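Listed below, chain by chain, are the residues.
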Amino acid sequence: MINCDAALFQSSCQMGIGFLIRDHDGRCLLALNERVQNVTQPELAEAVAIRRALSLAKEEGYQKVIISSDCLSAIQRIISPLLDRSRIGCLISDIKRIGAEFSECTFMHVNRLCNLATHTLARLSE
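All of these numbers come straight from a predicted model, not from anything done at the bench.

Engineer: I would appreciate a short explanation of the packing of helix H2 (residues 72–79) against helix H3 (residues 89–100) in the present structure.
Structural biologist: Two quantities define a packed helix pair, namely the angle between the axes and the distance from one axis to the other. Where H2 contacts H3, the axes come no closer than 9 Å and their chain directions differ by 60 degrees. As H2 packs across H3, the resulting crossing turns out to be right-handed. In this structure, H2 contributes Ala-74, Arg-77 and Ile-78 to the contact, and H3 contributes Ile-92, Ile-95 and Lys-96. Counted by class, the contact of H2 with H3 contains 4 nonpolar, no polar and 2 charged residues.

Here you go:
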C-alpha cells in the first residue's frame, strides 16, 4: 500500500510531496517527502505526488502496489478508460503507463483522515 499526498505552498510557488509505502501488515517500509518547484494547482500537485510514488515503487522493485490518495478527481481520471484531455492529461497518461509496468497496480480513493500521515510528511517539506 502506498499512501501519497501533496501540500501547496502558494507564497513560494512550490509544493510538497509525502508518501508512505507499507507492507501487507501495515508496517512502514519507506517514507519520503520532497519539495517540487512551480506547482500551485491542487489536482496537478496530487497527480505529481502519485507519479513520484509510483516511480519510486518501481525503482525499489515492488511488483504489486495499491496507490491511495485523498484526491478523488485524480483517482477518477487515472482509473477512467477514457483519454484525459484536461490540463493534466499527459501526467495522467504517464501514471497509467507506469502503473501498467507492475504485475498488479490498483488506484483507490481514501478519506483525508486516512491520509493524515502523508499529508503531514508533505507539509514538512516546506
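What follows continues from the structure just given.
Engineer: Sorry if this is basic, but what is going on with the environment of Ser-93 here?
Structural biologist: Mapped onto the fold, Ser-93 is located in helix H3. Accessibility expressed as a relative area gives 34% for Ser-93, which makes it partly exposed. Considering only alpha carbons, one finds Ser-93 and Arg-77, 16 residues apart in sequence, at a separation of 9.4 Å.

Rules used in this analysis
- Residues numbered from 1 in each chain as written.
- Predicted model: local features only at pLDDT ≥ 70, side-chain atom pairs only at ≥ 80, totals over all residues.
- Heavy atoms only, no water.
- Axes fitted to C-alpha atoms, helices over the stretch in contact; angles between N-to-C directions.
- Helix = DSSP H or I, 4+ residues; strand = E, 2+ residues; numbered from the N terminus.
- Left-handed = near helix turned anticlockwise from the far one by under 90°.
- Contact = heavy atoms within 4.5 Å.
- Nonpolar A, V, L, I, M, F, W, Y, C, P; charged D, E, K, R; others polar.
- Buried < 20%, exposed > 50% of the residue type's maximum accessible area, 1.4 Å probe, protein only.

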